[in-house]
Amino acid sequence: MKVSRRPAGRRQAPPQRRQTGPDRRRTEADDWDEPPRKRGRSGRSPAAAVAVGFYKVLVLVSALIVAAYLGFSFMIKAPEQKAPPPPVQAGNKTDSTGGSTSAASSAAPTERQLRKGVYNIFLAATDLEGFRTDIMMVMSYDTVAQTVGVISVPRDTLVARESGNPHLVYGKGGLDQRVAEVSDMLGIPIDYYIKVNIKGFVTLVDYLGGVDFYIPCKMDYDDPIQNLHIHYTEGMRHLGGQEAMEVARFRKNNDGSGYTDTGRTETQQKLLVALAKKVLSWGSLTKINGFVEIFNKNVDTDLSVNDMLYFASQAVGLDPSSSVETGTLPGRGDGVYRGSRYCYVLDPEETLELVNRLVNPYDQPLTLDDMNLAKADSFTG
C-alpha cells in the first residue's frame, strides 16, 4: 500500500469532487491546500503604490514610443542613390597639368561601388535677384557613419565651356546645369539639390531666434544699387536674419581690403554649421511646423517628402560639432580664359585630395582621370 504524508500542521481534505463552471461555489475543502487570500487593502505603503503605478505608466509610454518609432521607420524608405556620372571623354578633359589627354593615355575607369547610405546633395543659395546661384556647396551625408562633409565651390570657378561666360555662376541652364557641371568637374554623382533664396535664409535665422557667430574681420561695405550696407567689427555677436545674410555675403570693404571668394565661403561654412546646431537642438524640434512652412515658401528641391523625412530622422543623431567637416575647393582666382578675367582655377592635386576626403561616395579613391578640371590660358598675377 502506498501512503503519502502531508507536512505537519495540515490536515488532509476529505475526498470531494469540485464544481466547475459559473455556478461553482467555494467550499471549505477548497482552502485546505491553498494559502488564504488577503482581502481589502494590501500592506503596500501609499508611496510604494504610487511608485509602482508610475513605473507601469512609464513602461506603457516607452512601449508606445518604441512601437511608433518602429512603425515610422518601416514606413520611411531610404532615398535612391543616383547612378554615377558617365566617364569623362578623353578628348574633352584636361590632365593634371592642364593639357588635353588622348584616348591612348586615358586610363580605364576603376571598378568601384557606391557606399550604401552615402548621399551627395547640391546646396545653393540665390542672389538678391533670385536667379543666380550665388552660393554653391556639395554636401556628402554618410547616414551609416553619421558624418557630413561639405565642400564650397567658388562662384567664379572656371568651367571649360565651348561658348559663353566661363565662370561657373553664369551661363544658361539654371541650377540643373550648375549641378551637371559640378558633377562632371569633380567626377562624383550628385543625388539631389536644395536651393534656398535669400529671403528664406533671413526668415529661417529669425525663426530660430538668431544665431551667435564670431565675425572674422572688420566689415565696412556699401552698395547703394543693391541697398546693401554691411558694417561690423570683429568679434562675437548675436545675429538676426538680415545681419546673418549681410555677414554671409560680405567679400570686401569699401577700400578694397577684406577677403576673396574663398574667405567668404569659409565664413558661410561656419555660419551654416552654427545654424545646423540650432536646427538640430531639442528646442528647435518643437518648431517643426514653422520649418515646414518656411521650407515650402522659400526652398526649391527635388527631394520627395519621404526623402526629407528620412534625412530628418537620420539627422537627429548627428552632432554638428564633431561630425561635420568643411572645406573650399583650392585654387587661384587670377585665371584668364578666352579673354575672361578673374576665373578661379582649381589646383588639381589639392582638389583631388579634398574631394576624396569629404565628398567621395565610392568605396575606392577617385583619380584625376575621373575629373574634368579646366585649365586657364594665362594668369594675371
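Shown above is the structure to which this text applies.
Residue positions are given per chain, counted from 1 along the sequence in the order it is written. Per-residue local features of the predicted model are confined to residues with pLDDT of at least 70, and side-chain atom pairs are confined, for both listing and counting, to 80 or more; whole-chain, interface and lining totals are unaffected and use all residues. By convention in this description, side-chain values take in all heavy atoms of the structure and omit both hydrogens and water.

## Overview of the packing of helix 3 (residues 198–207) against helix 4 (residues 241–249)
Thinking step 1. Where helix 3 meets helix 4, the closest approach of the two axes is 7 Å, and the angle between their N-to-C directions is 130 degrees. In terms of their interaxial angle, helix 3 and helix 4 are classed as oblique. Regarding helix 3 and helix 4, the two cross each other, and that crossing is right-handed. Residues I198, F201, V202, V205 and D206 of helix 3 touch helix 4, and the partners they reach there are G241, Q242, A244 and M245.
Thinking step 2. Of the residues in the contact of helix 3 with helix 4, the class split is six nonpolar, two polar and one charged. Note on method: axes are straight lines fitted to C-alpha atoms, helices fitted across the in-contact stretch only, with angles between N-to-C directions ranging 0 to 180 degrees. What counts as a helix is a DSSP run of H or I of at least four residues, what counts as a strand is a run of E of at least two, and both are numbered from the N terminus. Roughly parallel covers angles under 35 degrees, roughly antiparallel covers those over 145, roughly perpendicular covers 65 to 115, and oblique covers all other angles. What makes a crossing left-handed is the near helix being turned counterclockwise from the far one by less than a right angle; a clockwise turn instead makes it right-handed. Contacts were defined at the residue level, with two residues in contact if any of their heavy atoms lie within 4.5 Å. Under the grouping applied here, Gly and all other residues not named as nonpolar or charged are polar, the nonpolar ones being Ala, Val, Leu, Ile, Met, Phe, Trp, Tyr, Cys and Pro and the charged ones Asp, Glu, Lys and Arg.

## Describing the environment of S257
Thinking step 1. Its location among the elements puts S257 in the loop between helix 4 and helix 5 (261–279).
Thinking step 2. In this structure, the C-alpha to C-alpha distance between S257 and M219, residues 38 residues apart in sequence, is 9.3 Å.
Thinking step 3. Engagement of the side chain of S257 in a polar contact is seen with the side chain of D255, the distance being 2.6 Å. A 3.5 Å cut-off defines polar contacts: any pair of N or O atoms within that distance qualifies, except that in protein one atom must be a possible hydrogen donor and the other a possible acceptor, and neighbouring residues in sequence count only when both atoms are side-chain atoms.

## Here we look at the side chain of D370
Thinking step 1. Structurally, D370 can be placed in the loop between helix 10 (348–358) and strand 13 (378–379).
Thinking step 2. Engagement of the side chain of D370 in a polar contact is seen with the backbone nitrogen of T367, the distance being 2.8 Å.

## Observations concerning the sheet that holds strand 2 (residues 133–142)
Two pairing modes exist for strands in a sheet, parallel and antiparallel, and in both the strands are linked by backbone hydrogen bonds.
Thinking step 1. For two strands to count as paired, DSSP must find a minimum of two bridges between them. As summarised here, the arrangement of the six strands in space is 9-4-1-2-3-10, forming an open sheet in which the pairing is mixed. In the strand order of this sheet, the two ends are held by strand 9 (299–301) and strand 10 (324–328), each with one partner. Across the sheet, the axes of successive neighbouring strands diverge by a mean angle of 20 degrees, strand direction being ignored.
Thinking step 2. Pairing between strand 4 (residues 192–196) and strand 9: three bridges, direction antiparallel. Note on strand 9: the bridge partner recorded for V196 is V299.
Thinking step 3. Most of the contacts of helix 2 (residues 174–186) go to strand 1 (residues 118–126), to which it runs at about 135 degrees, and overall it touches strand 1, strand 2 and strand 4.

## What to know about the packing of helix 3 against helix 7 (residues 288–298)
Thinking step 1. The N-to-C vectors of helix 3 and helix 7 enclose an angle of 170 degrees; their axes lie 9 Å apart at closest approach. One element, helix 3, and the other, helix 7, form an angle in the roughly antiparallel class. In this structure, helix 3 uses K199, G200, T203, L204 and Y207 to contact helix 7, whose residues at the interface are G290, F291, I294 and N298.

## A few points about the pattern of salt bridges
Thinking step 1. In the sections that follow, a salt bridge refers to a side-chain nitrogen of Lys or Arg positioned within 4 Å of a carboxyl oxygen of Asp or Glu. Here the structure, examined in full by the defined rule, presents 10 salt bridges.
Thinking step 2. The closest approach of N and O atoms between R112 and D370, which form a salt bridge, is 3.2 Å. Here D370 lies in the loop between helix 10 and strand 13 and R112 lies in the loop between helix 1 (46–75) and strand 1, a separation of 258 residues in the sequence.
Thinking step 3. Only protein chains enter the calculation, and the probe is 1.4 Å; a residue is then buried if its accessible area is under 20% of its type maximum, exposed if over 50%, and partly exposed in between. Since its relative accessible area comes to 15%, R112 is described here as buried.
Thinking step 4. The network of salt bridges with shared partners includes R161, R178 and E181.

## Digging into the pairing of strand 7 (residues 228–232)
Thinking step 1. Side chains L228, I230 and Y232 project from strand 7 onto a buried face, and the interleaved H229 and H231 project onto a face without burial.
Thinking step 2. In this sheet, strand 7 lies alongside strand 6 (residues 219–223) in antiparallel orientation, the contact comprising five bridges. Bridge pairing links D222 to H229 in strand 7.
Thinking step 3. Between the end of strand 6 and the start of strand 7, which pair antiparallel, lie four residues, with N227 showing a positive phi angle near 55 degrees.

## Considerations on the environment of Y119
Thinking step 1. By secondary structure assignment, the location of Y119 is in strand 1.
Thinking step 2. Judged by relative accessible area, which is 3%, Y119 ranks as buried.
Thinking step 3. Expressed as a C-alpha distance, the spacing of Y119 and Y141, which sit 22 residues apart in the sequence, is 5.3 Å.
Thinking step 4. Excluding residues that lie within four positions of it along the chain, Y119 makes contacts with A78, P79, E80, Q81, M139, S140, Y141, T143, D191, Y192, Y310 and F311.
Thinking step 5. A distance of 2.7 Å separates the side chain of Y119 from the backbone oxygen of P79, its partner in a polar contact.

## Re unusual backbone geometry
Thinking step 1. Unusually for a residue other than glycine, Q146 sits at a positive phi of about 55 degrees.
Thinking step 2. In this structure, Q146 sits in the loop between strand 2 and strand 3 (147–152).
Thinking step 3. By relative accessible area, Q146 is classed as buried at 16%.
Thinking step 4. Phi is positive for Y342, which is not a glycine, with a value near 60 degrees.
Thinking step 5. Mapped onto the secondary structure, Y342 falls in strand 12 (residues 340–346).

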